[in-house]
Amino acid sequence: YRPPAQSTQLRIDMQVSVTGCETWQEVLALVARDGDLFDFRNTSTAVHRVARYGQEESHLVREHPTFPRLLLLLRAKCKDLSARSLSDAAWGLAKLQCRDEVIFGRIAARALQIRADLDPQGLALTAWAFATIGRQDEELFGVLAAESRKRMKDFGPQNIANLIWATATLGFRCDPLHADVVAATLRCLDDFAAQNLAMVNWALTKLAYPAGDAWRSAYRQKMMQIKDYAPSELSMMAWALATRGDYDPELMAYIVRRSMELMRTFTGQHVATLVWAVATVSYKDDPCIDEFLSMALGAIIGRAHEFQPLNLALISWGLAKMSYQAEAAFQALVEAATVQIDAFVPQNLVQIMWACATCGYRNDPFLQGASRVAKRRFRDFSSQHLSNFVWACARLGYKDDPELMRCFCREANGKMHEGSPQHLSNIAWAVSQLGPENFPGCLDAIVAETARRLTDFDSPSMMMLSDSLFDAKYAEGRDEPLLRVLQSRVFDMGRELCSIFTAGLPPRRCLGSPAQISEYQQRVRGLGLVTFGYEHTHNLFTELSLAEGQRWDPAEASALPGWTRNARRSTCARRQDLSVGAERLQDEGSIFTSAFAAAAEDSSCDFIVTWLGHGKADAPTTGRASRVGDAECRAIMDAHGLITKACQEQGTTDVRGWMSLHTSGVPCLSCVGIAAQFKRCYPRVAFCFTFAPREHGWDNPVEVSAAPPGPRVAVVTPRAPSASEEAEGFSGMGRQPTYQQQRPPPSVSYPGDGANSGCQVSAVGRDGLGPGAYH
């Protein structure tokens, strides 16, 4: 038996009844009463209207006793859906987060049948609906892409944005389609609102599609002309900029300024995305960042209890990455994390542990909660998670839970083969600090894995592993071939640096040939290090006669006006008493702070600076950062300039006296080279170079130019050496100094990736309900 076809008048009457409803409850009441009289148009309209009125309380809609009947009606009528009815039904179900497998399967099949009838809005809404519920369908998206290319000239900004958002959300990359999208967007750029344009840029970035310079320039110009933004649009702009690893000072400053205006309306996700983006790409002396962070702290401190675990983790990671000292913010973040500790996945748990350790913030209730969760979930930890978790425990001196260390040891010993050299050296350092007796068999497993993969170890990892094994007294009293190899490599690096900074020093820039300068710089870079570590640098200074005279009391130096506590900027205190002929150059205490300098400024320095690898400002739009801007270099070159001027005025080259420098962190090898060149130029000046262990380093040898698998590493505090340790240097085979090289932070769930996507778009239906909005 087949029921007779619905009359035209009945269909019209049912359509008028459905569209006349003003609430989703009225629509479902109509479905309960007259649903048997609906055809496919009436059914899809009912789905659309229920979603239109009920999207804000979709859980109540799905739990309503009549809603299953509406779904049954739609299932039965999918085979008859027209192009418009199909997209309306798909949009409505997606808005309600209704993931009915049968219906979406039938909608996909029907869309393939009527592909030629789908207009631009139908194509975009169908793609949007499938992406919103996370349903992968390669065949359907292939057809939607092909049909969209045929009609691209008819796509408006909203349809373009919805379509490319859907492909990016599902990871469906179709270069011909995306090339057409870029071209269509550029043709009608002036018609795009901020939301749609931000969405297109977000999607292109998410797909890692090379949009080209024309797109980048046009997008940048258009976005900087717009004055009114929603928080989600600003966070997407910042996310895309950071994910590309492309630091644009002007655009980032613009985003930050607009964000400060809207900070009161930012959600935890928006704050987290902005902080993450700024921490990922901003250089250490960016002036707009401090103002933004100061304002963001108010939102963080006041509303941390509202933030989700991912937001707490990203914000804490960002603050630690930027070395922004804000104990009140960390207190609020950690207290909020403690309340939600059982909801943390391993990655976010390790992130916030790493951040606390990097900033030296210890909160025992949080550590106890993190310990409890970790013991339960260690099996889900990756090698990097394990490495950074135990590093954080060691950094914070947390060894109050012996069971935690035993559980860690069991899990780590079984995953040593998965760890990178840096992970292995991190674990070795942590074990040496927390006590090898608490980690039975752990160092043996590290040594065995290192011996198997010794050629994979870079210089920093090898140095840290060697020092950690020595600190742990590993193999004491017995011959361990690997220890001999590691110690030999570290001593070789020390001897090479002594050679470079003595016999290998090039003449001053005006006197040296390009070949001499290049050879010197290549030798320094060839070691693969940015610094030589806390204790090793002390010994190196002794070898280079840079530790002569009386040391400057660190407390006195850091008490000078202008000494910054913000470790994103290195600070150097200088005092001197020099005689140049009859003239005395006295300085009772001056402060120099690091500042960004472009690579072009290298040639302005009379001494030779060395680029040690990619820096935070290294990007196509800004070029690489120069070490001329380092605080230590600025202090030394300022003294050199004063001396040069005095020598010319006095007509003498006889320079005597003393100079003391104290810096806020371990100086990089470029600045060590500058100090060595200064000493060679003025041998009668007693030079004393001291430094504090940098709590929160700002630069590192590992940088990225696109969305990385994990954020960049940060330098952390080494243990201070004893006087006897400092005296041994490289010439003897006594105690191997402890060196804590850069530690990697845990990998980050980047905003916009996975289930916690930072970009969710709300498409609009066909009845003109207003522009789409990000949530």
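Quick caveat, the model's predicted, so the values are computed rather than measured. (Residues numbered from 1 in each chain as written. Predicted model: local features only at pLDDT ≥ 70, side-chain atom pairs only at ≥ 80, totals over all residues. Heavy atoms only, no water.)

## Considering the overall build of the protein
As a reminder, the rule being used: Helix numbers and strand numbers start at the N terminus; a helix is a DSSP run of H or I with at least 4 residues, a strand a run of E with at least 2. The buried label goes to any residue with under 20% of its type's maximum accessible area, the exposed label to any with over 50%, and the partly exposed label to all in between, with areas taken from a 1.4 Å probe on protein chains only. Here a residue-residue contact requires only that any non-hydrogen atoms of the pair lie within 4.5 Å. Shrake-Rupley sampling with a 1.4 Å probe provides the accessible areas, and residues are treated as covered by the protein chains on show and by no other component.
Scanning the protein from N- to C-terminus turns up 33 helices and 6 strands. For the protein, with 775 residues in total, the buried portion stands at 61%. The long-range fraction of contacts in the protein, counting pairs at least 24 apart against all pairs at least 6 apart in sequence, stands at 80%. Accessible surface, the protein: about 29600 Å² in total, of which carbon and sulfur atoms supply 50%.

## Some remarks on the pairing of strand S1 (residues 571–580)
What counts, and what does not: The rule for pairing is simple: two strands pair if DSSP sees at least two bridges between them.
With 8 of its 10 residues buried, S1 lies for the most part within the structure. Where S1 and strand S2 (residues 583–593) come together, 9 bridges link them in antiparallel fashion. Bridging across to S2, Leu-578 finds its partner in Leu-585. Bridging between S1 and strand S3 (residues 655–663) involves 9 bridges; their strand directions are antiparallel. For Arg-574, the partnering residue across the bridge sits in S3 and is Leu-661.

## Looking at the packing of aromatic side chains
Which entries qualify depends on this criterion: For Phe, Tyr and Trp, rings pair up if their centres lie within 6.5 Å, where Trp contributes its six-membered ring, and each pair is then called stacked (planes under 30 degrees apart), edge-to-face (over 60) or tilted (otherwise). Two conditions define a charge located above a ring, namely a distance within 6 Å from the ring centre to NZ of Lys or CZ of Arg, and an angle within 35 degrees of the ring normal.
The final tally for this structure, using the stated rule, is 17 aromatic pairs. An aromatic cluster of three or more residues is present, and its members are Phe-541, Phe-678, Tyr-682, Phe-687, Phe-689 and Phe-691. One Lys or Arg, Arg-258, reaches over the ring of Tyr-254 and ends 4.9 Å from the middle of that ring. Positioned over the ring face of Tyr-474 is Arg-478, at 5.2 Å from the centre of the ring.

## Brief notes about the pattern of salt bridges
We apply this condition: The term salt bridge refers to a side-chain nitrogen of Lys or Arg lying within 4 Å of a carboxyl oxygen of Asp or Glu.
Under the defined criterion, the tally for this structure stands at 35 salt bridges. Close ionic contact of Arg-574 with Asp-587 constitutes a salt bridge, the shortest N to O distance being 3.1 Å. In this pair, Arg-574 sits in strand S1 while Asp-587 sits in strand S2, placing the two residues 13 residues apart along the sequence. This pair shows no difference in class: Arg-574 is buried, exactly as Asp-587 is. Counted as one network, the salt bridges with shared partners bring together Glu-147, Lys-150 and Arg-151.

## Topic: the packing of helix H16 (residues 268–281) against helix H18 (residues 309–321)
Each pair of packed helices gets described by two things: the angle between the helix axes and the distance between those axes. Where we set the bar: Axis definition: a line fit to C-alpha positions, over the contact stretch in the case of helices; interaxial angles, taken between N-to-C directions, run 0 to 180 degrees. Here is the rule for angles: anything less than 35 degrees is roughly parallel, anything more than 145 is roughly antiparallel, 65 through 115 is roughly perpendicular, and the remaining ranges are oblique. Should the near helix be turned anticlockwise from the far one by less than a right angle, the crossing is termed left-handed; should it be turned clockwise, right-handed. Lys, Arg, Asp and Glu make up the charged group, whereas Ala, Val, Leu, Ile, Met, Phe, Trp, Tyr, Cys and Pro make up the nonpolar group; the residues left over, Gly among them, are polar.
Axis separation between H16 and H18 bottoms out at 8 Å; the angle between their running directions is 30 degrees. With respect to H18, the axis of H16 lies roughly parallel. Note on packing geometry: the crossing formed by H16 with H18 is left-handed. Each of Gly-268, Gln-269, Val-271, Ala-272, Val-275, Trp-276, Ala-279 and Thr-280 in H16 lies in contact with H18, whose residues at this interface are Asn-311, Leu-314, Ile-315, Trp-317, Gly-318, Leu-319 and Lys-321. A per-class count over the contact of H16 with H18 returns 9 nonpolar, 5 polar and 1 charged.

## Quick word on the nonpolar core
The line we're drawing: Residues grouped as a nonpolar core are buried Ala, Val, Leu, Ile, Met, Phe, Trp, Tyr and Cys residues, joined through side-chain atoms within 4.5 Å.
Membership of the largest hydrophobic core comes to 201 residues, with the highest contact counts inside it found for Phe-292, Phe-366 and Phe-389. Sequence-distant contacts of Phe-292, defined by excluding residues within four places in its chain, comprise Val-256, Ser-259, Met-260, Met-263, Leu-274, Val-275 and Val-278. Formed by 58 residues, the second largest nonpolar core is a distinct cluster that contains Met-493, Leu-544, Ala-635 and Ala-675.

## Observations regarding the packing of helix H3 (residues 40–54) against helix H6 (residues 83–95)
Here H3 crosses H6 at 30 degrees, and the two axes come no closer than 8 Å. In this structure, H3 crosses over H6, and the sense of that crossing is left-handed. Only Ser-85, Asp-88, Ala-89, Trp-91, Gly-92, Leu-93 and Lys-95 of H6 make contact with H3, whose side of the interface consists of Phe-40, Arg-41, Ser-44, Val-47, His-48, Ala-51 and Arg-52. Of the residues that constitute the contact of H3 with H6, the class distribution is 6 nonpolar, 4 polar and 4 charged.

## Some points on the environment of Ser-594
Inspection of the secondary structure puts Ser-594 in the loop between S2 and helix H31 (631–650). As a C-alpha pair, Ser-594 and Arg-569 span 25 residues in sequence and 5.6 Å in three-dimensional space.

## Structural notes on helix H13 (residues 213–223)
The condition is simple: It is the directions from the helix axis to the C-beta atoms that the arc portrays.
Looking only at H13, the buried set comprises Trp-215, Ala-218, Tyr-219, Lys-222 and Met-223. On an axial view of H13, the arc spanned by its buried residues comes to 120 degrees, and they lie on one face. What points out from H13, more than 90 degrees from its buried face, is the exposed set Asp-213 and Gln-221. Packed against the buried residues of H13 are helix H11 (175–187), helix H12 (194–206), helix H14 (231–243) and helix H15 (249–261).

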